[in-house]
Amino acid sequence: MDQENYTSVNEDYLNQFCKDFISDVTRLIDQAYNRQKSKVDLGYFTGTDKEVLLHSHFCQSKYRSFCGQTDFLAAVKGTLETKGNHPIVIAAESGSGKTSLMAKIAQAAPTWINPNLVKVLRFLGTSLASTQLSPLLRSIFKQLHMIYNLDIPDIDSMPLQGLVKHFNQLLSRVSSLNDRPLLILLDALDQMSANELAHRMDWLPTVCPPNVYIIVSTLPQQYGILFSLKKILGGKLQFLSVPKLSESTIKDIMKMSLQLSNRKLTDFQESCLMTAFKQCPQPLYMKILLEEAKTWTSFKKDSIELAPNTMSAIYLFFRRLQARYPPNLVKYALGYLCIGMNGLSEVELEDLLSLKDECMDEVFQYHDPPVDGVVHIPSSIWPRIKNNLGDFLVERQSSGKMLLSWFHRMVLQVAFVAFVSDQTDQAKPEQEVKIASFKFHQDIVRMLMAENGVHSDIVLTQRNKTIPNANRHVMPQPTTAQNVRKLTLLPYHMLQSGPFEIVSKDIKEHIFYNLSFLLAKLHSAHVGHLMMDFNNILNQNSDKEIELMRDFIGLCRSRDLTNKDVPYLIVEILGRLPSLAANNQHLMRLVENANQYLAKYKHPLMVPVFPFLPAPGGLLRATITGPDKLFPISTEQPLIVMKGPQCGCGAWYLLTNEQVRSFERGHEFTCEDMNTLVSLSPSGKQVARCNGQTVIIWDVFSGNITQDVSIPVKSQTTYTHIATHEAATVIADTSGAVTIISNGKINQCQAHNAELSSLHINSNGKIIVAVSNSQHKLAVIPVTSGMVMNTIPLPGECIKLLISSDGRFAVAACQPHVFLQVDITNAKSLGTMTSSKAKDIPIRDFIMSGNGLYYLSTAGFTLNIWKASTQQLLQQLTSEDAEGGLDLVCLDPTEHFAFTSDVSSGDVDVWHLSSAQRLTTFEIAGRVTGFTMHPSTSTLYTTSTDRKCCVWNTGAMLHNARTKCLPFLKDAKVKKYEKAMLSGDLEIKSKDVQVLSAIGMQPYTSGIDLIEGYSLPSGSGFHGFHLGLDDAPAKKIKSVGKLSSLSYPDINKPVTKVLLASNTKSLICIYPGQGPAVYNQDTGTLSRQLYTSCKEVKDVCFGLDEKILLGIVESFEDSCTYLQAWDFKYGDEAKMKLSLPVKAMCITHKRDRVVTCTTETGALHFTVLHLQVELEVCNSFTVPMENACKQEIHWLKISHDQTFFILGFDSPKFAGQTECIVIDVADNIGKIKKDQDVSLGFGMITLMCKAESPVHVILQDNTVLSGSSQGDINHWDLKTCQMINPLFTKGKETAPASSKFNKIKYVPPHHEGINEISTSPDQNLLAVSSADRRISLWSCAQKFLFYLEGHKDEVLCAAISDDKQYASSGSKDQTIRLWSLTTKDCLCYFTAYNDIFEIHMSSDNRRIIARSDKEQQKICLLKILNIKYQ
C-alpha cells in the first residue's frame, strides 16, 4: 500500500479484519475439535452403548433447532394419554420436518408421561445397526435388558422369528415395572432395508402393554409400509399426519436459523424469503433457501429469483455445485449414489470415479497424475463435494459396509432427474430414462467384476496425453463369501445394465450358472436371498434357463446349501443336473466346474455316481421336509400354514419355501395335540391351538399371539376339536359340549350327548356346525346366542362337511354316498342328493366349487361330478389303473381341472373336467395326506406320509393344457402314434416331430415327455403321460418307448433288490418285470442286462466266488417261483431253472452250496445244490409242519457250520410281524426246535422280528442276536433255543427288579426299538441301528464299545466297511452318514430326500449303495472321496 494513501481508517480496518479472521478460525477449530471429541468419546463405548449415544446425539441436534408445531405436539400428547395401548403412526411427505418432530416428541415425552420415562430412540438409517431389522431389534433388546436389569438371553444367534417373539415377551416383562414406563420411538421406517421382509411390518407389536408406548414414522407411499401398518393394526391404527407450517412458525424458523449462523438479512431479502415460504411451507425447502440466503451480501438489492418449490430449489443447488466443481465429476458421483443399491461406500464411489475416463480427464486437466502409470481420483476431492451436500447425505450400513445415500426421498428424485436421466427442459419417455441409466449400472458392474483390479488405457485430452494400461488402483472384488457387497449388488446392477435379451447371457455366466458365485452367495447368506435374486429377475422377464436354476435351488435342502464347511451345492449339482447338461452349455460348464472343484477338495465327501435325485425343470419345484398336514392358502398373504411332528405348526413363505412363522409357545404342545387341535380361520388370517387348558391364537401375518385364553377343564373329558374365525373360536370335548370364545367372553353349550366327529365355523364367524356320527345328527349353533338352534338328522356317517364361501349353506357327505344339503342360516335341511350309479360305493372325499354349484367326490375308482341345483350326477370319470382306488380330490382355481390321489400309492391323477379326460399322472413319494392349490398361480402343494410337502409347478402345465392340448385330434396318424406309444415300441425320427407336437408331445433326450411346451427331464418326479383322445381311454404310460437308452439305473422304477459284486466292481439291480441289470460301480453305467424268460425276479445272491448269480424268478405260466442261475463271470445266458417251486433260498457261508425251501402239504421241503459248472442236487429232505403250505416264507438263514436253518414266517397272531423257527439239520433229519417257554412272549416260536426284514444276526458260535421293540439286544443259543443273556452297556445294578431273563438286571442299550443288526464281513464288529437315533457298536464278544450319534430321526440301517475303519448309516431323517470308527465322528452326510432303509459299503470303501423310500424303492449310488482306501 502506498504510504501517501495510508490512513488510520485503513489501519483500523486491517486490524479488525485480522481479529475477525483469528476469531473465526479459532471458532471453527473449536467446533471441529468438539465434533471430533464427541466421536472420540463415543469410541470408548462399544455395541449397544455406542448405538444409544449415537441416536441420542442425533436427537439432540434435531430438537435444538426445533420450533413451532405446537398443535400437532398437543395432538400427539393427547393420543398417548388416551389411546397409547396401540402403536402411534406418524406419516408425512419427504421434506416436511418429520424427523425433527420425532426428536421434539422424544424430548417432551417425559413431561407428558412420567419424569422416569425410559426412552429407546432409533432414527433409522443414521447408524450401523438401524437399517437392518435383526440388528435393530437386537440393539433395542440389549438396551432394555441393561436399563431394566433383566437377564440377557442369547439373542445374537437368535433368528428373526425368535426375535419377534422375544419382542412381545420383553414388552410384557417391562410393563410389570410400573415405576419406569417405556417409550420406543422409531423414525423413518422407510429407511430400513427390505431384507428380512422388514417393510411388511409384521414384526411390530400390535398391542402395547400398560406403561409401554410405541411411536413410529414413515413416508405415506414408500414400500407399502403404511398399507402394511393399516393391515396389521386394522381399526386399532392411531394415525397422525404432519400439518403444513404456519406463517408464525416459518418466521420463527427463519429467525432461529439466521441467529445460529450469526447472519442477518435486509428487510427486502427477508420479504422475498417469506413470500417464497408462504407458497411452499416445507422445512426442506426453507432449509435450502436459507442456506443460499446466508451467502447473500447486504448490498444485494436487485430482484431476487427464488425457486418456486422444493424440487426446483434442490435442482438449482445441484447446478451451483456443478459450477463449483468439475461438472462430470459431480454428475457421475451423484448419479452413482442415485442408482447404487442401498447407496455406495466412499471407497466404491472413488473407485467408480477413477474408472470413469471423463471424470479423470477433468481432474487431471492441469497436471499429470502424481504417480506414473496410476490414475486414481485424489482423496481430497470427494470430501469437499460431500461437505457441500451436508445433511442431504446420510450414512447407513448394508452388507457389512458403511454406505452413503440420500437422506431425503425428494433429493434422490431430483438428483436422478438431473444426473442419471439428464432431463433438462422436458421430461423424457420412461424407456429413454431407462436407457440413460444403463451406463451407470454398467460402470458399477465393471467395478464389481474387477477380481484383481483394473488396468486400462486412458486419454487425458486436456493434457494431450495417453497413459497405456493405467492402473486405476481400485479395490479388488473377489467372489468370496466375505465380499457380501459384491454378492448383493451384482445381480441387481447386471439386470439393470441393459435390455434383458442382451444382459441375460452375462447374468447366467457370471451369476446363476457361476459356481464360485453360487457357493459364495449361499455361504454368506440364507438360501432365501438367492431365491429373491432369481425371483427379482423372473418377475420381470421370462427365461427358461434361469427358471431351471431357480427350481434346482428350490429342490435342495436349505440347511445343506448354506453349510460353510461342506460344499453340498456340488453334491446337489452332480445328483440332479448332469442328465440335463447335453443341451445347455451353461449347465454343462457348471457340471464341469463342479467336477473340477471336487478334484481340489481335500475333505471326506459323498457324491452321487450318477444323477439319481429329481432334476429341476419339471413338475416338482421344491420339497419342504417336516410337514404332514397343510391348510388352504389365503389370497391375502404369500404364506402357507402347515404342521408336522418334527417342524411343529408354522407358516412358510411361498416365494422361498422357508419357514417364517412358528405357532409354538415353549413345550406346551405335544405331537398328540398337533394331530387335532390346530385350526386355521377361513380367511387364513389366524391360527388357533388348544392344549387342553389354554387356547392360544396367533395372527398369521405378524406371527404375534393375539389371544391367550384359559378354558374350563372338566374331569374325565378332553378337548377333541377346534375351529377358529376372527370373530370367534370354538372347541369341543369328548362329552359333546362346545366352548365358544368370542369378544373376550367364554360361553358353553351342549351340542350333542356324545363325542363330536367334526366341528366347523362359517366364513362370517356367526354360525357353528357340530357333527356327531354316533348320534347321526348335525347341530347348528349361532355364536351370539351360544345355544343349539336346531339338530338335523344325518342320512349316514358323515365323512366330511363343507360350508359354502358365503357362509349360508353346508353340505355333508355321508356314507355310503349321499349328500345332505343344509341351510345353516335358518337351520333346516334342504334335502339329500344321491345316484343309483354311486350310492353303493363308499365316498372317500369331496369338494365344492367356489360358487357351490358343483360337487366333486371320489369313491372307488371313480371321480364323480354332481350338480347341486338339479341334484343329479353329471359325470363319472374312471381311473382304471389306480392301485387302491381314488382318495383325496382337489380343484384348481379356474375349476377346469381336478387332482385326485390314490388310496394305496403316491399316484396323482390330473383331470380335465369339461372333456372328462385324464391328462396325466405323476407320482409322489408316500401316500398323499393333503392337497391345496395357490389361488393365483395354480401351484399344487401336497403333503404325504413320508413327512414332506412337495411344491408342484402345475400352473404352467394346466396353462399349456388349456391352450394347446384340449382340442384333441383324431386323425389316423395320431392314432397310429398313440398305439405305438402304448405298446412301448416307438422310435422318433426328425420328420415325426411335427406329428408329436400335434398330439401335445415333444421328443426329449431323457425319454420322458408330456404336454407341449412343458417338457420334463428324467427324475423330475413325473412318471408318465395320458393321451386324451376321445375314442381311446387314457392309460398310464410308465415308459415312453425307445426314445433313449438308459445308461444309468432307472430312477423312475422301483429297485426291489440290490447286490454288490466285489470282484468285478459291479452293482446288480432288480427291477419289476425284467432280468438283473448289471452296472459299473464306478460310473453307474449299464454293463449288461441278464436275460430271463420269466415274469419277475424275486431275489438274487452270489455263489462260487461270484461266478454264479442265483435268483428266485416268477413264471409267466403258473405264477410259481423257481430257481434260476446265470453264469455271471463269462456270460449272461440262463444256466438252468429248477422245475421244483422255490419259496426261499440261502447260500452257505463258503458260497459253494445253495439251500432252497418250498412248502408242501403238511411239510417243508429243502433241497441242497452243489454249485459247480452245472448245478447238482446233493441232498434233499422234508420236515413235517402243520399248515406249511399256508405259511408265507419270507427268508431262510443258515448257521456258519451248516447245522441249523432259521426260517421266517408270517405271524398268525401279530400283524406285520415275522415269527422264526429253528431247524437242526446236523443229521439231515430235520427236527424242529420247539419253544422252551423262554421266548419273547409271542407264543410258540422262539424268535420274533418286524415285517420281512429279520432284525437278527447269526454268529459263528451258533448263537443269534435279536433286537426287540423295547431296545433290548437279546442273545440266543440255537442248540437250546434258550436266551443266554441280553447285551447291556452299563451294568447290572440299574435294571428293573422285574426283569425275568435269568434274573439279570441291566440297562437296555437303546431307549427305543431295534431296527437292524449288522456285522462286519468277518463278524468281529456289530452295529445296532435303533429308533432312538443312535448306533451302538459291539465287539465279537458282545462287548459294548461306543455309540455313534448325529442322526435327527430313527436309524434304520447301518453297514461296516471290510477294514472296520468306517461305517455308514441310513435314517428316517433322510440322510446317509459316513462315520469314522476310529474317532467316532461323522465325516460327512448325504441328503437323499427319502427314508434310507437299506445300505451297503463296497469292499474297497469307495462306494455306498443304498435304497430309499420303501414304497418307491429308489436307489442311491454314492462315491466316497478323500478317505483311506483299502
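It should be noted that the structure appears before, not after, this text.
So, here's what we can say about the structure. (Residues numbered from 1 in each chain as written. Predicted model: local features only at pLDDT ≥ 70, side-chain atom pairs only at ≥ 80, totals over all residues. Heavy atoms only, no water.)

**Examining the side chain of H145**
Working step 1: Along the polypeptide, H145 turns up in helix 5 (residues 133-147).
Working step 2: Other than its neighbours up to four places away in sequence, H145 contacts L150, D151, I152, P153, H166, L170 and R173. (Helix = DSSP H or I, 4+ residues; strand = E, 2+ residues; numbered from the N terminus. Contact = heavy atoms within 4.5 Å.)

**With respect to the sheet that holds strand 73 (residues 1407-1412)**
Working step 1: A sheet is described by the order of its strands in space; here four strands give the open sequence 10-74-73-72, paired in antiparallel fashion. For this open sheet the edge positions go to strand 10 (605-608) and strand 72 (1396-1401), each flanked by a neighbour on one side alone. Averaged over all pairs of adjacent strands, the angle between strand axes in this sheet comes to 30°, irrespective of strand direction.
Working step 2: Direction of pairing for strand 73 relative to strand 74 (residues 1418-1425): antiparallel, over a ladder of six bridges. Within strand 74, the residue paired with A1410 across the bridge is C1420. (Pairing = 2+ DSSP bridges. Axes fitted to C-alpha atoms, helices over the stretch in contact; angles between N-to-C directions.)

**Describing helix 11 (residues 310-324)**
Working step 1: An ideal rise of 1.5 Å per residue puts 21 Å on 15 residues; helix 11 measures up with 21 Å between its terminal C-alpha atoms.
Working step 2: Of the residues making up helix 11, those classed as buried are T310, A313, I314, F317, F318, L321 and Q322.
Working step 3: Of the surrounding secondary structure, the elements contacted by the buried residues of helix 11 are helix 10 (283-293), helix 12 (327-339), helix 15 (381-389), strand 7 (401-406) and helix 16 (409-420).
Working step 4: One side-chain oxygen of the residue at the start of helix 11 lies 3.3 Å from the amide nitrogen of M311, identifying that residue as N309. (Expected span 1.5 Å × (residues − 1). Buried < 20%, exposed > 50% of the residue type's maximum accessible area, 1.4 Å probe, protein only. Polar contact = N/O pair within 3.5 Å; in protein donor to acceptor, adjacent residues only side chain to side chain.)

**Here we look at the nonpolar core**
Working step 1: Core analysis: the largest hydrophobic core is formed by 160 residues, its most contacted members being F318, L389 and W406.
Working step 2: Residues in contact with L389, not counting those within four places in the same chain, are F317, F318, L321, L334, W382 and W406.
Working step 3: Listed in part, the 40 residues of the second largest apolar core include L124, V164, F167 and L186. (Core = buried A, V, L, I, M, F, W, Y, C linked by side-chain atoms within 4.5 Å.)

**Quick word on the pattern of salt bridges**
Charged atoms that come close allow side chains of opposite charge to pair.
Working step 1: Per the counting criterion, the structure on display carries 35 salt bridges.
Working step 2: Note that D24 is salt-bridged to R27, the shortest N-O span being 3.7 Å. One end of the pair is D24 and the other is R27, both in helix 1 (residues 8-43) and three residues apart, which spans about a single turn.
Working step 3: R1407 is the partner of D1404 in a salt bridge, and the nearest nitrogen-oxygen pair spans 2.9 Å. Of the two residues, D1404 and R1407, neither departs from the other in class, the shared state being buried. (Salt bridge = Lys/Arg side-chain N within 4 Å of Asp/Glu carboxyl O.)

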